[in-house]
Each structure stands twice: as C-alpha cells, then as structure tokens.
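The chain contents come next:
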Amino acid sequence: MKQLLLRIYLLPLLAALACGGSSQRQGKETKYKIPWPNSENSAYESQVIVLKTITDSHRLKGTAASVHFKPRSDEDMEKSTTTLRFIESGKVLIPADVATLQVTTVYAHHEKLQEMDHEVGVYADLRRPRKIGVSVYIGGEEGDLPETDNAIYLPQNDSILIVPYTLNDLPLTLNAGVLAHEYFHGLFQSIVYDHIKSDKLLLSKDKRKMKRKSNKKPTTSEFSASTFNSFVLRAMNEGLADYWAWVYLGDDNFLSFSLPKHSEARALGKAVTAFPDNEKLKKVLMELSEDKLLSMSYVLGTNYARFLRQLTLSVLGNNHRESRIEMARKITSALRSIGKEVAASFETKFLGPDFFVETLMKQETVIAERFCEEFAKVLPREERGTNRCKAK
C-alpha cells in the first residue's frame, strides 16, 4: 500500500509543498488533489477534483457524506475527532497525510455518486449525508483475527464501514468501484429490503454476524420460501452492486486494483451462464452450510452483473456513460416493482433466479428484440425456445 501511495500521490504532494501555504478557504466549489481513476483506462493517478457540497473545506464537512477516521464503533462515529491536514497549493487543497487522503477521497466519491443518483432518479431514496467509517476496527469472533481488507454496509444504521487494508495494492478507501458497490447496498435496502416486514428475512443483516462459521444445513421443512427468497435477494443485491460500480466507473474488473486474488471470479467481462430453475437451485442450496450459502450468493450475483453489463452493451450499443445511466434507470424502476411484489409474497412464493430479469423485461422502455435475445441466453435450459419473451 505504501509503495502505491508513494507513486500516485505522495510524490506529487512533495512537489507541491514548495509552493504551498496553509490558510483556510471556503466557497461554493472546493478543489482537492487526490488519487482518481482515469476515464480512459480506469488507472489511478493524482487529479484535481472539484467538490460542490463542502461547507467546511478543512474539516471536510458537507451535505453529501459524513466520513470518520478510526471511529470507536459504527454507533459512535460522530464522536471521531481525527484532525485533517491539508497543504494549499494555489486554489487546490492537497491532503497532507494518509488519513486525510482517505477521508477526502471517500467524501469525493460519495458526492459524485450523489450526483449520479440525481441522474438515475434515486436521490430521494437515501438519507443524507451518508455515514462512512474509515479504518474501523472490527474484532474477530471465536478466536479469529480482526477483520481486514473489506468494506461492509450495515443496514441497521445505514452506514458503511471500511476496515484496515493490509495488502500492497490500491486501498479500498481509494477504489471507486468498491465505494460504489457499498453505496448501492443502501439503495437496495431502501428500495427493496425496507418493504419486507417479515422477521424471516435472512442474509441482509450485519455481515459481522453472518461471518460466524456454521456447518448447519437447513432441513426440507426449514428450507422455506423465505429462506430461498432471502438467498435470491442477496444475490441480486451483490450482483447489482457490482453492476452499479460499472455504471459509475465503466471498469468491468474494479476489484483487480485492490483485491486481485478475488477479481477474476467477479470480473464482469466474462461469459454469462444460464440461470438454474427453482428446483435445481433449491437442491443445490439444500446441500450447503450457512457460510457456503453466503458464498454461493456471490456466484449467482456475479451472473446478474455480467448479464446486465452484456444487456447494456447489446441493447444500447456501447459502454458510454449515458448508456450505463439509461440502463440504471430501467433497473431501479424494476427494483421498485420487485420491492412491492416481494413484500406481498415473501413467505409464500418462491422467486426464480431469473425473477429479476423477468421483472426488468416488463419495463416497457426495455422490451425490444435485442433484449429478448439476451434474455433467452440466460433462461433455464428447459425453457429455451419457449415464448417467455415477447418483444413489443
């Protein structure tokens, strides 16, 4: 981590020190120099980013996010008192230490994600400012080491925790795709999960609790519609979060910058596979322990993300940001329909793995011959050649 920060950030900082001052400045727009993905190839380099929501430029207070460095707990983030340090070079503020760099970059991406919310039409679905804890200590359970190299969305208080990063690549706090992924979980919580009042909703709770190892397998009677649907919804949540990162960044392998060990399994540019039918998926899930059940949700989720990326390229014809935003609008419209439908039948009706895709298909602005072609590729094999997709 230190070598990468030295290359993309600290050397430019040292060059700025010769002409830098330290006076306080405020205004409607504030410029910060931070590591930022290049729009052409997603590589990170030091860039000047203009922020428009800052109310206190040196304390980094603003309306988009409330970012706290090393808070004692997720419930106590507001009491974090880390002093931020900047060097002023002309009209640009440059973070003068790693803590300030991380907090500034996290805030900047949340402002840009907020701007994207306006474009997509989901601004009203989130409470603001968004709450984020950086370098948060989460103790291990049952003798495990403290959690590292991860970011977690907590639905119970609608916040994001980013735990310490120990690898030698791009820290998660600087990875635009990781931040967009966690950001989306808040949207899914608001648009879908919050409509489900059942106490049988699983897999949307605190990930720290879900990470407890268990070899328990559900029995036939226990594997209810609510258990099955919880799995499908979690897969949707994780997959669409990866797709949201692609909408924001345009990079189909954003994890490669920070978690290269896991990036190939989650890369969006790979081939889409057919979704299994309900009975086949149920049989597979019945054989999995609770921890494996969670891992399996990422497999299905990645297929959702790959399908949506391919759908965007096929139906809209390119990877331009405007096309990604247009498809994001259609997806969130489908999610609103899903939130209402699932709320009414969560404990009684088994949702198919292709339930989300079918709901998306029903959005009138999406139905087209090219969409049907892509949809047919992911139907359960037994249903290929049927008339499930009718172009309008």
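To start, this report covers the structure provided alongside it.

Criteria and cut-off values
- Sequence order sets the numbering: in each chain, residues are counted from 1 along the sequence as written.
- Side-chain atom pairs in this predicted model are given and counted only at pLDDT of 80 or more, local residue features only at pLDDT of at least 70, and totals for whole chains, interfaces and linings cover all residues.
- As a rule here, side-chain values cover all heavy atoms of the structure and leave hydrogens and water aside.
- Labels follow the DSSP assignment, with helices taken as runs of H or I lasting at least four residues and strands as runs of E lasting at least two, numbered in each case from the N terminus.
- Working definition: with a 1.4 Å probe on protein chains only, accessible area under 20% of the residue-type maximum means buried, over 50% means exposed, and in between means partly exposed.
- Note on contacts: a residue pair qualifies if any of its non-hydrogen atoms lie within 4.5 Å across the two residues.
- Using a 1.4 Å probe, the Shrake-Rupley method yields the accessible areas, and only the shown protein chains count as cover for residues.
- Any pair of nitrogen or oxygen atoms within 3.5 Å is treated as a polar contact; in protein, a donor-acceptor pairing is required on top of that, and neighbouring residues in sequence qualify only through side-chain atoms on both sides.
- Note: two strands are recorded as paired if DSSP finds a minimum of 2 bridges between them.
- Interaxial angle, 0 to 180 degrees, is taken between N-to-C directions of lines fitted to C-alpha atoms, where a helix line uses only the stretch in contact.
- By definition here, a salt bridge exists when the distance from a side-chain nitrogen of Lys or Arg to a carboxyl oxygen of Asp or Glu is within 4 Å.

1. Side note on the overall build of the protein chain
Then, number 1: Helix and strand counts for the protein chain stand at 11 helices and 10 strands.
Then, number 2: Split into buried and exposed, the 392 residues of the protein chain put 55% on the buried side.
Then, number 3: Within the protein chain, residue pairs in contact and separated by at least 24 positions form 74% of the contacts whose partners lie at least 6 positions apart.
Then, number 4: When the accessible surface of the protein chain is split by element, carbon and sulfur atoms take 50% of a total near 17,900 Å².

2. Brief notes about the side chain of glutamate 374
Then, number 1: Mapped onto the fold, glutamate 374 is located in helix H11 (residues 369-378).
Then, number 2: A polar contact is formed between the side chain of glutamate 374 and the side chain of serine 314, at a distance of 3.1 Å.

3. A few points about the sheet that holds strand S1 (residues 30-37)
Then, number 1: Strands sit in the order S2-S1-S7-S6 across an open sheet of 4 strands; the sheet is mixed. With one partner strand each, in any of the chains shown, strand S2 (44-51) and strand S6 (86-89) form the two edges of the open sheet. Taken over all neighbouring pairs, the strand axes of this sheet differ in orientation by 40 degrees on average, direction set aside.
Then, number 2: Across 4 bridges, the pairing between S6 and strand S7 (residues 92-95) is antiparallel. Note on S7: the bridge partner recorded for phenylalanine 86 is proline 95.

4. Brief notes about the pattern of salt bridges
Then, number 1: With the rule as written, the count across this model stands at 15 salt bridges.
Then, number 2: For aspartate 97, the salt bridge identified is with arginine 85, shortest N-O distance 3.6 Å. With a gap of 12 residues between them, aspartate 97 in the loop between S7 and helix H2 (98-120) and arginine 85 in the loop between strand S5 (65-69) and S6 connect regions that are remote in the sequence.
Then, number 3: Overlapping salt bridges, with partners in common, bring together Arg127, Arg130 and Asp158 in one network.

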